[in-house]
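Given next are the chains, with one letter for each unit.
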Amino acid sequence: MKSATPKVLHDICGRSLVGHVLAAARELKPENLVVVVGHAREKVTAHLTEVDPQVRTAVQEKQKGTGHAVRMGLEELGGAVDGTVVVVCGDTPLLTGETLRQLAATHGEDGNAVTVLTAEVPDATGYGRIVRDGDSGAVTAIVEHKDATEAQRAIREINSGVFAFDGRLLADALGKVRTNNSQGEEYLTDVLGILREAGHRVGACVAGDHREIAGINNRVQLAEARRILNDRLLTAAMLAGVTVVDPATTWVDVTVTFEQDVTVLPGTQLHGSTHLAEGSVVGPNSRLTDTRVGAGARVDNTVSDGAVVGPEASVGPYAYLRPGTRLGLKSKVGTYVETKNAAIGEGTKVPHLSYVGDATIGEYTNIGAASVFVNYDGQDKHHTTVGSHCRTGSDNMFVAPVTIGDGAYTAAGSVITRDVPPGSLAVARGQQRNIEGWVARKRPGSAAAKAAEAASPKGEGEA
């Protein structure tokens, strides 16, 4: 990956690679879930604690092959275990829980000692080949690409690296694995031959979509997997009643949820726990993270992080909703408005060119253009409260802490530093003074002076 980040911690569609695998594995409801960690294990273990606190970890001090890794995993569980052991790779984010259920079901129904998940791929380069018996079709071996003959390299059915084992037989066979291969490693795939030679049944379950088993080894493959997973998520959303106008430019995380009749316009990104309620319209060119959008709301060209947009509210274009923003029913946050930790009441409008931070605004109030809620004194944040049915003038500064009472007005250009009683008009600005003739005296001969002279009554008379 050419990265300081361990491969399995790279992110696609809102989860790490290993996070996707864990989510698929959890669908089996396993008695134990163990992740074998080695390289950069401190980072990986810390991440696992965040995404799945119940997961157990086993340390592989030296990377001595896949068989050795599984042996470390079993040792974490005390050695041989009863029941089925499913082994998956940590870098296969497209693997689904449904495919794992099919694998486990096939394993049990066929009475196999081991069942390998396989797939037919257009290009098998780099993968272990599935070698079958010509008569019965049984799996006789899995040969790694680097150890395969030319004839074996022509095989298109490949090993996914995903297996279901009889737990007791697996532990016994791992003790018999040797390292007489080109890498000097313990190959998990050798277990199949050991079990077969001992007279046990080795079976296979073919994945319906070969892309599910794709491992990620570089950023090109990471991007390819992201596109596949994103298309999968958008397809599911559209089949559930969501209109996605341009899937090619729409990106969603696996944790995003939708209701019916949502419309997502081009260039939109939906991340985290974002939820779009029925009839809402988001986009174009919006990025929403951990945001809830109410029924019938409209969010246009907006960046939102941790906000709640009420039903039928209107946001944007070019708005920025920061954490703690809560917009009421039919409220409006308009063009070039930024909000943070702000509760904006039903029907209230902040139409344009304003900053509302650490504030509570009541119902059906209008905040004038170019207003700033001055919430920071250089050391602490303070709160501003604006009541219901207020009308504040353009270019107002509300210096917190301050309260504007219900039904109050503030004059344009005012700096409000004291509370305004309900129903009052607050005027906080210096009186205008006109100094006549200033341009002619201070800027003689300038274009402004000539224009002023031409516009003066004297100038008109001379003309």
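Worth saying up front: this structure is predicted, and the values here are computed from it rather than measured. (Residues numbered from 1 in each chain as written. Predicted model: local features only at pLDDT ≥ 70, side-chain atom pairs only at ≥ 80, totals over all residues. Heavy atoms only, no water.)

Here's the deal with the overall build of the chain
Of regular secondary structure, the chain possesses 11 helices and 36 strands. Computed over its C-alpha atoms, the radius of gyration of the chain comes to 33 Å, more than 25% above the 23 Å expected for a compact globule of 463 residues. Taking the principal axes of its C-alpha atoms as reference, the chain extends roughly 115 × 50 × 45 Å. Among the 463 residues that make up the chain, the fraction classed as buried is 43%. (Helix = DSSP H or I, 4+ residues; strand = E, 2+ residues; numbered from the N terminus. Rg over C-alpha atoms; globule rule 2.2 N^0.38 Å. Buried < 20%, exposed > 50% of the residue type's maximum accessible area, 1.4 Å probe, protein only.)

Some words on a nonpolar patch on the surface
Side chains of Tyr318, Tyr336 and Leu353 sit close together on the surface and give an oily, nonpolar patch of about 360 Å² of accessible area. Within the element layout of this structure, Tyr336 appears in strand E26 (residues 332-344). You can call Tyr336 exposed: its relative accessible area is 51%. (Patch = residues over 30% accessible without salt bridge, like charges linked within 9 Å, V, L, I, M, F, W, Y side chains within 5 Å. Areas by Shrake-Rupley, 256 points an atom, 1.4 Å probe, with all protein chains shown as cover. Salt bridge = Lys/Arg side-chain N within 4 Å of Asp/Glu carboxyl O.)

Let's talk about the environment of Thr365
Of note, Thr365 is situated in the loop between strand E27 (349-361) and strand E28 (366-367). Residue Thr365 is classed as buried on the basis of its relative accessible area, which comes to 2%. C-alpha of Thr365 to C-alpha of Ser388: the two residues are 23 residues apart in sequence and 5.5 Å apart in space. Sequence-distant contacts of Thr365, that is, excluding residues within four places in its chain, are made with Gly347, Thr348, Lys349, Val386, Gly387, Ser388, His389, Cys390 and Arg391. (Contact = heavy atoms within 4.5 Å.)

Quick notes on helix H8 (residues 219-239)
Its 21 residues place the ends of H8 30 Å apart at the C-alpha level, agreeing with the 30 Å of an ideal helix rising 1.5 Å per residue. At its buried positions, H8 is contacted by strand E1 (11-12), helix H1 (17-26), strand E11 (243-244), strand E12 (251-252) and strand E13 (257-258). Gly241 sits one or two positions beyond H8 and adopts a positive phi of about 110°. (Expected span 1.5 Å × (residues − 1).)

Let's talk about the pattern of salt bridges
Per the stated rule, a full pass over the model turns up 14 salt bridges. Arg101 is the salt-bridge partner of Glu98, the closest N and O atoms lying 2.9 Å from each other. One end of the pair, Glu98, and the other, Arg101, are both in helix H4 (residues 97-110), three residues apart, so they sit about a helical turn from each other. A residue is classified by how much of its surface remains accessible, and Arg101, at 34% relative accessible area, is partly exposed. Because the salt bridges share partners, they merge into one network encompassing Glu27, Glu98 and Arg101.

Examining the nonpolar core
Membership of the largest hydrophobic core comes to 41 residues, with the highest contact counts inside it found for Leu270, Leu276, Val309, Phe373 and Ile404. The set of elements that each furnish at least two residues to this core consists of H8, strand E24 (319-321), E26, E27 and strand E33 (402-404). With residues up to four places along the chain from it excluded, the contact list for Ile404 reads Thr385, Val386, Gly387, Cys390, Phe398, Ile416 and Val420. Leu188, Val191, Leu192 and Val202 belong to the second largest nonpolar core, which has 23 residues in total. (Core = buried A, V, L, I, M, F, W, Y, C linked by side-chain atoms within 4.5 Å.)

A short note on the pairing of strand E4 (residues 56-59)
Strand direction decides the pairing type here: strand E3 (residues 34-37) and E4, joined by four bridges, are parallel. Within E4, the residue paired with Val37 across the bridge is Val59. In this region the chain leaves E3, passes through helix H2 (residues 41-51) and returns to the parallel neighbour E4; the handedness of that crossover is right-handed. (Pairing = 2+ DSSP bridges. Right-handed = clockwise from strand over helix to strand, strands pointing away.)

Topic: the side chain of Thr99
Its location among the elements puts Thr99 in helix H4. Among the polar contacts made by the side chain of Thr99, one reaches the side chain of Glu212 at a distance of 2.7 Å. Aside from chain neighbours lying at most four places away, what touches Thr99 is Leu117 and Glu212. (Polar contact = N/O pair within 3.5 Å; in protein donor to acceptor, adjacent residues only side chain to side chain.)

Structural notes on the packing of helix H3 (residues 66-76) against helix H6 (residues 167-174)
Orientation of H3 relative to H6, taken along the N-to-C sense of each, is 125°, at an axis distance of 10 Å. When the axes of H3 and H6 are compared, the pair comes out oblique. Seen from above, H3 lies across H6 with left-handed handedness. Where H3 abuts H6, its residues Gly67, Val70, Arg71 and Leu74 lie against Leu170, Ala171 and Leu174. In terms of residue class, the contact of H3 with H6 is built from five nonpolar, one polar and one charged. (Axes fitted to C-alpha atoms, helices over the stretch in contact; angles between N-to-C directions. Parallel < 35°, antiparallel > 145°, perpendicular 65-115°, else oblique. Left-handed = near helix turned anticlockwise from the far one by under 90°. Nonpolar A, V, L, I, M, F, W, Y, C, P; charged D, E, K, R; others polar.)

Let's talk about the environment of Thr335
Tracing the sequence through the fold places Thr335 in strand E26. Taking relative accessible area as the criterion, Thr335 reaches 26% and is therefore assigned partly exposed.

Notes on the side chain of Thr392
Locating Thr392 in the fold gives a position in strand E31 (residues 391-392). Taking relative accessible area as the criterion, Thr392 reaches 6% and is therefore assigned buried. Not counting chain neighbours up to four residues away, the residues in contact with Thr392 comprise Asn366, Ile367, Gly368, Phe398 and Thr410.

Concerning the confidence of the model for the chain
Within the chain, residue pLDDT values average 95, and 99% of them lie at 70 or more. This model gives residues 459-463 a pLDDT under 50, and the stretch forms five contacts once residues within four places in sequence are excluded. (pLDDT = per-residue confidence, 0-100.)

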